[in-house]
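# Descriptive analysis of the structure
One letter stands for each residue in the lines below.
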Amino acid sequence: MAEPLAPLRLHADTLEKLKGVSTATITSQLIKIAGLRSRSPLGVRPLNPARCRFVAEAATLRYAPMREDLDARASTVHQDNPTRLAVETTPPGHVLMIDQAGSQGGGALGDILVARLIRRGVAAVVGDGAMRDAGPLMAMALPIFSRSLAPPPSSAAILAVGFQEPIGCGGTLVYPGDVVVGDEDGVVVIPRHLADQVAIAGLEQEQIEVFIKQRIEQGEPVDGFYPATERTKAAYAAWKAEHKPG
């Protein structure tokens, strides 16, 4: 098992700021700030859109294709099983990001393991394959994202082989400690060293777009006003000064 990378320190209010920023805005900011266009795991959707919003640092779990002579290692009873380790040691407040290589032949987690994650204070689960126990999972409080659902256990198709190492989730590279945001649109992974900058710029974009939407609803043509032009920014600055408390 690879040793976790030493994470850079985030600004104290970065995660709180990101709670006010949509995944759509974050993806736009990652393109503007760093030219990053591949930060959203493909095909990953919330099981329950009413309980899907989260902002959290990433812990990672990696699966590989199953091999039948390793059935004993596939069980969470096995002391070295990485899923067992992930369920019992993923830090509270983190999101468990799971690399299933897109496999949909067996659910990575079911309701009992998710219940343990909830009890331990884990913030969310994101997998790029299947989950199982769909009914109970949809009723639970934890935000859970996956590509599909499947009745069989994970061992029908995949074997857990690594915890807290770089993974690929839905075609997106994830390092332990990256910052992950989820909402109704899906999930976006922010490289940790960009999180502070994305939080500041993203929150500003959200605020100016509230102003833009109000003006569009009042009859302002889109042409020359959105995306934000210098005229838009000047009008927004004046509006913000007028509405500033005090």
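Structure's up top.
Residues numbered from 1 in each chain as written. Predicted model: local features only at pLDDT ≥ 70, side-chain atom pairs only at ≥ 80, totals over all residues. Heavy atoms only, no water.

## Points about the pairing of strand S3 (residues 94–99)
Of all the six residues making up S3, six are buried; the element is thus mostly covered by neighbouring parts of the structure. Burial along S3 is two-sided: the residues His-94, Leu-96 and Ile-98 and Val-95, Met-97 and Asp-99 are all buried. Bridging between strand S2 (residues 54–65) and S3 involves six bridges; their strand directions are parallel. Residue Ala-58 lies in a different strand from S3, and its bridge partner there is Val-95. With four bridges joining them, S3 and strand S4 (residues 124–127) adopt parallel strand pairing. Across the sheet, the residue bridging to Ile-98 is Gly-127, located in S4. (Buried < 20%, exposed > 50% of the residue type's maximum accessible area, 1.4 Å probe, protein only. Helix = DSSP H or I, 4+ residues; strand = E, 2+ residues; numbered from the N terminus. Pairing = 2+ DSSP bridges.)

## Notes on the packing of helix H4 (residues 82–89) against helix H5 (residues 111–119)
When two helices pack together, their arrangement is given by the angle between the helix axes and the distance between those axes. Across the interface, H4 lies against H5 with an axial gap of 8 Å and an inter-helix angle of 35°. Of H5, the residues touching H4 (which contributes Thr-83, Ala-86, Val-87 and Glu-88) are Leu-113, Arg-116 and Leu-117. (Axes fitted to C-alpha atoms, helices over the stretch in contact; angles between N-to-C directions. Contact = heavy atoms within 4.5 Å.)

## Brief notes about the pattern of salt bridges
When the charged atoms of two side chains lie near each other, side chains of opposite charge can form a pair. In total, this model carries 11 salt bridges according to the counting rule given. Between Arg-215 and Glu-220 there is a salt bridge; the shortest N-O distance is 2.9 Å. Note on Arg-215: relative accessible area 25%, which makes it partly exposed. Overlapping salt bridges bring together Arg-215, Glu-220 and Arg-231 as one network. (Salt bridge = Lys/Arg side-chain N within 4 Å of Asp/Glu carboxyl O.)

## Digging into the side chain of Thr-90
Within the secondary structure, Thr-90 is located in the loop between H4 and S3. Within polar-contact distance, the side chain of Thr-90 engages the backbone oxygen of Ala-86 at 2.6 Å. Among all residues touching Thr-90, those that are not within four sequence positions of it are Ala-59, Leu-85, Leu-96, Arg-120, Val-122 and Phe-163. (Polar contact = N/O pair within 3.5 Å; in protein donor to acceptor, adjacent residues only side chain to side chain.)

## Topic: the environment of Arg-84
If you trace the backbone, Arg-84 turns up in helix H4. A residue is classified by how much of its surface remains accessible, and Arg-84, at 29% relative accessible area, is partly exposed. Separated by 79 residues in sequence, Arg-84 and Phe-163 place their C-alpha atoms 9.8 Å apart. In this structure, Arg-84 is in contact with Thr-76, Val-77, His-78 and Gln-79, ignoring residues within four places of it in sequence.

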